[in-house]
Amino acid sequence: MIRRLLLLAAVSTLTVATAGHAQEARPALSDGAAFAAMAREGGRYPLFAAEVARMRETVDAAIKDGIHVPVPKDPGGGYTHEQHKRNYMALYGAGLLYRITGERAYADYARQLLLAYAKLYPTLGDHPAKANESVGRLFWQSLNDSVWLVYSVQGYDAIRDTLSAADRKTIDDDVFRRAAAFLSTGSPEMFDRIHNHATWACAGVGMTGYVLRDPRLVDMALKGRDGTGKSGFLRQVDELFSPDGYYTEGPYYQRYALLPFVLLAQAIDANDPAQGIFRRRDGVLLKAIRTTIQLSYGGYFFPLNDAMPDKSLKTDELYQAVAIGYAATKDPAFLSITEQQGRTTLTPGGLAVARDLAAGKAQPFPFAPALFRDGPNGEQGAIAVMRSGPEPDASVLVAKNSGMGMGHGHFDKLNWIFYDAGEPVITDYGSARFLNVEAKDGGRYLPENESWAKQTVAHNSLVMNETSHFAGKWRDGQKLAPKQLYFASDAKTQVSTAEMDGAYPGVRFRRTLVALPMGKASPLVLDLLRATGDKPATWDLPLHYRGQITEIGFPHRSNTAERPVLGKANGYQHIWVDATGTPDGDAASLTWMLGKRFYTWHMLPPKGAQLILGESGADDPRFNLRREPLLIARATGAADATFVGLLEPHGAYDPSAETVVNSRSAIAKLVHTRGADADLVRIDLIGGRSIVLAIADSVDATARHRATIDGRVIEWTGHFARFDQGAAR
């Protein structure tokens, strides 16, 4: 069954016709109920009315500017690249506005624009600015061509019934059939991948198939070019998401890939409801919308893997996904996200969101601690998200114990980041890229993405002998994933333990991260990392943080006359060394100020470890890298190494009142001992209170353990226990 692609909430259907049949002159839904409702009711709801006004402004400006369909020449950010982007958005908007307003000028503009493309497209070969990606026609890479098709075919569907038979055939054949053919049979190495590039291509080809009434294109999009289902959209749904709705390339690409997934799924659901696409794999696509939102802080996505740190929920992908999710579920929590976004879509789902938001039906989105497994069967590690509360500025500890994430993944097994008081505190660099800034390699990923951003030392993860995990080969990394051994969350303590075996030959390392609430204050964060190897090595544990140093709690020597570089390769060539030192006892600390708070990192590094204060940005003649501080704890000459760290948020700085409170740490002492089968960490607070954390090697919930710290015997059952002032929990 075929329906008008855009009128997904309407009720009538049209039987698939053979390509070129005269029956195609009629639209799938004449005066469809969904658009009639938008035209009739949209003005009542401020959010929807504002969206109509915003789209009018954009499309009216495009109409005034005239038809510009340039011969492709430029990479990302260049004139031709940006013009073709403007064109597909104008085409998409013109179609929607025509159906909502009935104003023929919008349909006429879309017709003229598409006829111009019908003249250009048959003349195109490989884009002249092609690089190492799959080459496009209108754009330097085929991914952008797929995005162009996804948006453009929706605009075309809305005005197709207004065209003469001759114009319709010209546009069908010389634009959309050619574009669909290029992205499928013309680009098999890309179309057959299990990857977001292929998802965009499948969405464009499948949606084109529905609009052109071509079941061959639909089948190819859903089941792959050979129809076996070994590739194609359905296989991508099955392989790219975990059972918890986590997308394997990480939050940034989850946001990006989500749009083609939900748009094509919506078209499938309208045309073939028996497919049950939104029920597939226990509703994994609807889970994916919620998971995408959960993987954010203050509206910004966790910048893991190849990510831009400024990408937020305020993107077209999430405007669309939230509207589709709400239309499918009527979950009022989605309405609060729309309220935060301040935007919706000119679709039936967008109308429903605007109407119910105006009716006061929104409920807070349930941000909460959660474990998001990775891999199609949930067996490739996980992302552990530990939140101190649902508030926008509550602290969040994220343990990245997930799989490689394909070519966009980074070499950062058992990495972690931390947010507090509305700020990223312990950070991840994300990607080295200036998206669509032509002066920076045409907006592509920069060479420093490989030489710095992906390398292990650019993350808060263990480095052996100044080399990256899997020797910096992502295909090797794709074969192995961490094991998420334990995750627990209650009102007082949240714990994640994971283990990585094989990132280095003969090396296994385990990391436990604990978010430890301290009353009304932000939680403490305990980090316990233990590495075991088969030969002596140099072990580095970096900590990347934001803020200005206020105190250095270890003897150190600053490099004032010169600024040496730490190493020669694997990211080390990009680190300036500002100071080095060695703790004069077992412990050391570093305190910095960020925003209106102070943070102290307490360390128990291996005996004899060197501490290195540095900054990114060395060996960067084109100034492609951000200058960001880091601290490295370095242990040499041992096959095994254990690092213990404790992050303490504290104090307050009021620039208006010029007052400072508690700028010094409230931790009197940090003690660690290793028992026969467990680690004990004692945190002594100024004032006499102490907390003991017991972490067993076993994750068996019934196993009993016994260990001693400073003469005190500790007994507990299970992997983890906390003892406050001698009272067990």
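Given the structure is predicted, the values throughout are model-derived calculations rather than measurements.

**What to know about the overall build of the protein**
(1) Moving on: Of regular secondary structure, the protein possesses 17 helices and 28 strands.
(2) Moving on: Radius of gyration (C-alpha) of the protein: 28 Å, near the 27 Å computed for a compact globule of 729 residues.
(3) Moving on: Taken along its principal axes, the extent of the C-alpha atoms in the protein is 90 × 55 × 50 Å.
(4) Moving on: Out of the 729 residues in the protein, the part that is buried amounts to 60%.
(5) Moving on: Intrachain contacts of the protein at a sequence separation of at least 6 include 65% that bridge at least 24 residues.
(6) Moving on: One way to put it: in the protein the 81 positive side-chain charges average out to a point 3 Å from where the 80 negative ones average out.

**Notes on the pattern of salt bridges**
(1) Moving on: The tally for this structure, following the rule as stated, stands at 52 salt bridges.
(2) Moving on: A salt bridge links Asp356 to Arg355, with the nearest nitrogen and oxygen atoms 3.5 Å apart.
(3) Moving on: Using a relative accessible area of 6% as the deciding quantity, one classes Asp356 as buried.
(4) Moving on: Relative accessible area serves as the criterion here: at 28%, Arg355 is assigned to the partly exposed category.
(5) Moving on: Between Asp501 and Arg508 there is a salt bridge, with the nearest N and O atoms lying 3.0 Å from each other.
(6) Moving on: Residue class for Arg508 comes out partly exposed when judged on its relative accessible area of 39%.
(7) Moving on: The network of salt bridges with common partners includes Lys169, Asp173, Arg177, Asp214 and Arg216.

**Notes on the packing of aromatic side chains**
(1) Moving on: A complete count under the given rule lists 18 aromatic pairs for this structure.
(2) Moving on: Ring plane angle 45° and centroid distance 5.5 Å describe the contact between Phe233 and Phe261, whose orientation is recorded as tilted. Taken as a pair, Phe233 in helix α10 (residues 233-240) and Phe261 in helix α11 (residues 251-271) lie far apart in primary sequence, 28 residues in all.
(3) Moving on: Exposure remark for Phe233: the relative accessible area of 0% places this residue in the buried category.
(4) Moving on: Ring geometry for Phe365 against Phe367: centres 5.0 Å apart, planes inclined by 55°, an arrangement best described as tilted.
(5) Moving on: For Phe365, a relative accessible area of 8% corresponds to the buried category.
(6) Moving on: With a relative accessible area of 18%, Phe367 lands in the buried category.
(7) Moving on: Counting every residue linked through ring pairs, the aromatic cluster contains Tyr117, Trp148, Tyr156 and Phe176.

**A few points about the confidence of the model for the protein**
(1) Moving on: Taken as a whole, the protein shows an average pLDDT of 93; of its residues, 95% reach a score of 70 or greater.
(2) Moving on: The model gives residues 6-23 a pLDDT under 50, and that stretch makes 42 contacts with residues more than four places away or in other chains.
(3) Moving on: The model gives residues 25-31 a pLDDT under 50, and that stretch makes 14 contacts with residues more than four places away or in other chains.

**What about the sheet that holds strand β7 (residues 423-426)?**
(1) Moving on: Taken together, five strands build an open sheet; the order of strands is β3-β4-β5-β6-β7 and the sheet is antiparallel. Among the strands making up the open sheet, the edge pair consists of β3 (370-373) and β7. For this sheet, the mean angle separating the axes of adjacent strands, direction not counted, is 20°.

**Some remarks on helix α2 (residues 46-65)**
(1) Moving on: Compared with an ideal rise of 1.5 Å per residue, which puts 20 residues at 28 Å, α2 spans 28 Å between its outermost C-alpha atoms and is within 8% of the ideal.
(2) Moving on: Every buried residue of α2 is accounted for by Leu47, Phe48, Glu51, Val52, Met55, Val59 and Ala62. All buried residues of α2 project into a common sector of 135° when viewed along the axis, lining one side. Pointing more than 90 degrees away from the buried face of α2 are the exposed residues Pro46, Glu57 and Lys64.
(3) Moving on: Considering only its buried residues, α2 is in contact with α1 (33-41), α3 (79-101), α4 (104-120), α14 (333-341) and α15 (348-358).
(4) Moving on: Positive backbone phi, approximately 95°, marks Gly66, located one or two places after α2.

**Section: the packing of α4 against helix α5 (residues 142-159)**
(1) Moving on: Taken N-terminus to C-terminus, the directions of α4 and α5 make an angle of 130°; their axes are 10 Å apart at the nearest point. Classified by the angle their axes make, α4 and α5 are oblique. α5 is crossed by α4, and the crossing has left-handed handedness. Across from Ala107, Ala110, Arg111, Leu114 and Tyr117 in α4, the residues of α5 making contact are Trp148, Tyr156 and Ile159.
(2) Moving on: A per-class count over the contact of α4 with α5 returns seven nonpolar, no polar and one charged.

**Some remarks on the layout of surface pockets**
(1) Moving on: As a volume, the second largest pocket reaches approximately 830 Å³.
(2) Moving on: In terms of lining residues, the second largest pocket is bounded by 35 residues, among which Arg193, His195, Gly407, His408 and Trp474 are the most central.
(3) Moving on: Contributing elements (two or more residues each) for the lining of the second largest pocket: α7 (188-191), α10, α16 (447-453) and α17 (474-477).
(4) Moving on: Considering each element in turn, the lining of the second largest pocket owes the most residues, three residues, to α16.
(5) Moving on: In terms of residue class, the lining of the second largest pocket is made up of 13 nonpolar, twelve polar and ten charged.

**Brief notes about the nonpolar core**
(1) Moving on: Ranked by size, the top nonpolar core spans 116 residues in total, and within it Phe176 and Phe233 carry the most contacts.
(2) Moving on: Counting residues per element, this core draws most heavily on α11, which supplies 13 residues.
(3) Moving on: Residues within four places of Phe233 in sequence aside, it is in contact with Thr199, Cys202, Ala221, Leu222, Pro260, Phe261, Leu264, Ala265, Ile268 and Ile277.
(4) Moving on: Listed in part, the 62 residues of the second largest apolar core include Leu529, Ile612, Leu613 and Ala633.

**A word on the environment of Leu47**
(1) Moving on: Relative to the helices and strands, Leu47 resides in helix α2.
(2) Moving on: Considering only alpha carbons, one finds Leu47 and Ala707, 660 residues apart in sequence, at a separation of 60 Å.
(3) Moving on: If we skip the residues at most four places from it in the chain, Leu47 touches Thr338, Gly342, Arg343, Thr344, Ala354 and Leu357.

**A closer look at the pairing of strand β24 (residues 690-696)**
(1) Moving on: In terms of residue burial, β24 counts as a mostly covered element, since seven of its seven residues are buried.
(2) Moving on: Both faces of β24 are covered, namely the face carrying Ser690, Val692, Ala694 and Ala696 and the face carrying Ile691, Leu693 and Ile695.
(3) Moving on: Examined bridge by bridge, strand β23 (residues 678-685) and β24 share seven bridges and lie antiparallel to one another. Each bridged residue has a counterpart across the sheet, and for Ala678 the counterpart in β24 is Ala696.
(4) Moving on: Counted along the chain from β23 to the antiparallel partner β24, the turn is four residues long, and its residue Gly687 has a positive phi close to 110°.

**Some remarks on empty space enclosed by the protein**
(1) Moving on: Scanning all chains against the criterion turns up five cavities of 30 Å³ or more.
(2) Moving on: Approximately 120 Å³ is the volume attributed to the largest cavity.
(3) Moving on: Lining the largest cavity are 15 residues, and of these Leu541, Trp601, Met603, Ala633 and Phe643 lie nearest its centre.
(4) Moving on: Within the residue set of the lining of the largest cavity, elements represented by two or more residues are β12 (521-544), β17 (597-604) and β19 (629-650).
(5) Moving on: Sorting elements by how many residues they give to the lining of the largest cavity places β19 first, with six residues.
(6) Moving on: Across the lining of the largest cavity, the residue classes break down as twelve nonpolar, one polar and two charged.
(7) Moving on: Lining the second largest cavity, in full, are Arg510, Arg511, Thr512, Leu528, Arg530, Asp679, Ile695, Ala696 and Asp697.
(8) Moving on: For the lining of the second largest cavity, the secondary-structure elements that each account for two or more residues are β11 (508-518), β12 and β24.
(9) Moving on: It is β11 that provides the largest number of residues to the lining of the second largest cavity, a total of three residues.

Here is what the cut-offs are and how they apply
- Residues numbered from 1 in each chain as written.
- Predicted model: local features only at pLDDT ≥ 70, side-chain atom pairs only at ≥ 80, totals over all residues.
- Heavy atoms only, no water.
- Helix = DSSP H or I, 4+ residues; strand = E, 2+ residues; numbered from the N terminus.
- Rg over C-alpha atoms; globule rule 2.2 N^0.38 Å.
- Buried < 20%, exposed > 50% of the residue type's maximum accessible area, 1.4 Å probe, protein only.
- Contact = heavy atoms within 4.5 Å.
- Lys, Arg positive; Asp, Glu negative; His and termini not counted.
- Charge placed at Lys NZ, Arg CZ, Asp CG, Glu CD.
- Salt bridge = Lys/Arg side-chain N within 4 Å of Asp/Glu carboxyl O.
- Phe/Tyr/Trp six-rings, centres within 6.5 Å; stacked < 30°, edge-to-face > 60°.
- pLDDT = per-residue confidence, 0-100.
- Pairing = 2+ DSSP bridges.
- Axes fitted to C-alpha atoms, helices over the stretch in contact; angles between N-to-C directions.
- Expected span 1.5 Å × (residues − 1).
- Arc of directions from axis to C-beta.
- Parallel < 35°, antiparallel > 145°, perpendicular 65-115°, else oblique.
- Left-handed = near helix turned anticlockwise from the far one by under 90°.
- Nonpolar A, V, L, I, M, F, W, Y, C, P; charged D, E, K, R; others polar.
- 1 Å grid on protein atoms, 1.4 Å probe; cavity = no way out; pocket = protein on both sides within 12 Å on 5 of 7 lines; lining within 4 Å.
- Points joined across faces, edges and corners; volume = space filled by probe spheres on them.
- Core = buried A, V, L, I, M, F, W, Y, C linked by side-chain atoms within 4.5 Å.

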